[in-house]
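# Observations on the model geometry
One-letter residues, chain by chain:
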Amino acid sequence: MEQFTAVFIRLASVEQMSFTTLGVLHTLAGSGPMRLSELTASERVTQPAMTPLVTRLERDGLAVRSPDPSDRRAVLVQVTPAGAKVVESRRKERIDRLAALAGRLDPHHRQALAASLPALLEMARLAAQPHDRPTAPLPPAQ
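The following paragraphs examine the structure supplied in this document. (Residues numbered from 1 in each chain as written. Predicted model: local features only at pLDDT ≥ 70, side-chain atom pairs only at ≥ 80, totals over all residues. Heavy atoms only, no water.)

## A short note on the overall build of the protein chain
Note the threshold: Where helices and strands are cited, they refer to DSSP runs of H or I of at least four residues and of E of at least two residues respectively, numbered from the N terminus. Only protein chains enter the accessibility calculation, which uses a 1.4 Å probe; a residue whose area is less than 20% of its type maximum is buried, one above 50% is exposed, and one in between is partly exposed. Residue contacts are defined here by distance: any two heavy atoms, one from each residue, within 4.5 Å place the two residues in contact. Accessible areas in this description were obtained via Shrake-Rupley with a 1.4 Å probe; residue shielding takes into account the shown protein chains only.
Scanning the protein chain from N- to C-terminus turns up 6 helices and 3 strands. Listing the helices and strands of the protein chain from first to last along the sequence gives α-α-β-α-α-β-β-α-α. In the protein chain, which comprises 142 residues, the proportion classed as buried is 24%. Taking as baseline every contact in the protein chain between residues at least 6 positions apart, the subset at least 24 positions apart corresponds to 47%. When the accessible surface of the protein chain is totalled, it reaches about 9,900 Å², and 61% of it is carbon and sulfur.

The structure is reproduced here in structure tokens:
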């Protein structure tokens, strides 16, 4: 599983950006506008590391900062249409490459892969949950 993960995260090569930069774009595209402090926590980096990263994303037209309507002292960071396009192009490229790899598998392996998808989706759902809020697993799909 670790070997697959190491290869999978490197599948898309449309944009040459650091994993942290891409992680921030993916987080913003999936979660919507976030405070810098929330983004720092979600990406597990320090505020001094996140600030220049967001500044670079902003400079490159991939993210924008705006005042937080609930607290004018804070700012929200959100992905721009250009940033969302980067995320989508990486997603599409990963899907295309995975489909091509799956097409090279023998029928037995393709069937085993298809059978494992519900369990992999459940693992992804559980991994996305905060660790301090355990959730019950979903029942297996019928």
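## Considerations on the pairing of strand E3 (residues 71-79)
So the rule is basically this: Strands qualify as paired when DSSP identifies two bridges or more between them.
By the bridge criterion, 2 bridges tie strand E1 (residues 34-35) to E3 in an arrangement that is antiparallel. Counterpart to Arg35 in the pairing with E3 is Leu76. Where strand E2 (residues 63-68) lies against E3, 6 bridges are found, and the strand directions are antiparallel. Looking at the pairing, Val64 lines up with Gln78 of E3. What sits between E2 and E3 in their antiparallel hairpin is a turn of 2 residues.

## Digging into the environment of Gln47
Note that Gln47 resides in helix H4 (residues 47-59). On the basis of relative accessibility, which here comes to 36%, the residue Gln47 falls in the partly exposed class. Sequence separation between Gln47 and Ser37 is 10 residues; the distance between their C-alpha atoms is 7.1 Å. When residues no more than four places from it in sequence are discounted, the contact partners of Gln47 are Leu36, Ser37 and Thr40.

## Quick notes on the sheet that holds E1
Put simply, the rule reads: An axis is simply a line fitted to the C-alpha atoms; with a helix, the fit covers only the stretch in contact. Between two such axes, the angle follows the N-to-C directions and lies from 0 to 180 degrees.
A sheet is described by the order of its strands in space; here 3 strands give the open sequence E1-E3-E2, paired in antiparallel fashion. Either end of the sheet is taken by a strand with one partner, and the two such strands are E1 and E2. Each of E1, E2 and E3 is contacted by helix H2 (residues 19-31), which is oriented at about 105° to E3, the strand it contacts most. Against the sheet, H4 contacts E2 and E3, and its axis sits at roughly 115° relative to E2.

## Observations regarding the environment of Leu113
Its place among the elements puts Leu113 in helix H6 (residues 107-128). Along the backbone, Leu113 and Ala102 are 11 residues apart, and their C-alpha atoms lie at a distance of 8.5 Å. Those residues in contact with Leu113 that lie beyond four places of it in its chain are Ala102 and Leu105.

## Focus: helix H5 (residues 81-103)
Selection rule: Working rule for helices: expected span equals 1.5 Å times residues minus one.
Between its terminal C-alpha atoms H5 stretches 32 Å, which fits the 33 Å expected from 23 residues at 1.5 Å a residue. All of the buried residues along H5 are Gly83, Val86, Val87, Arg90, Glu93 and Arg94. Packed against the buried residues of H5 are helix H1 (2-8), H2 and E3.

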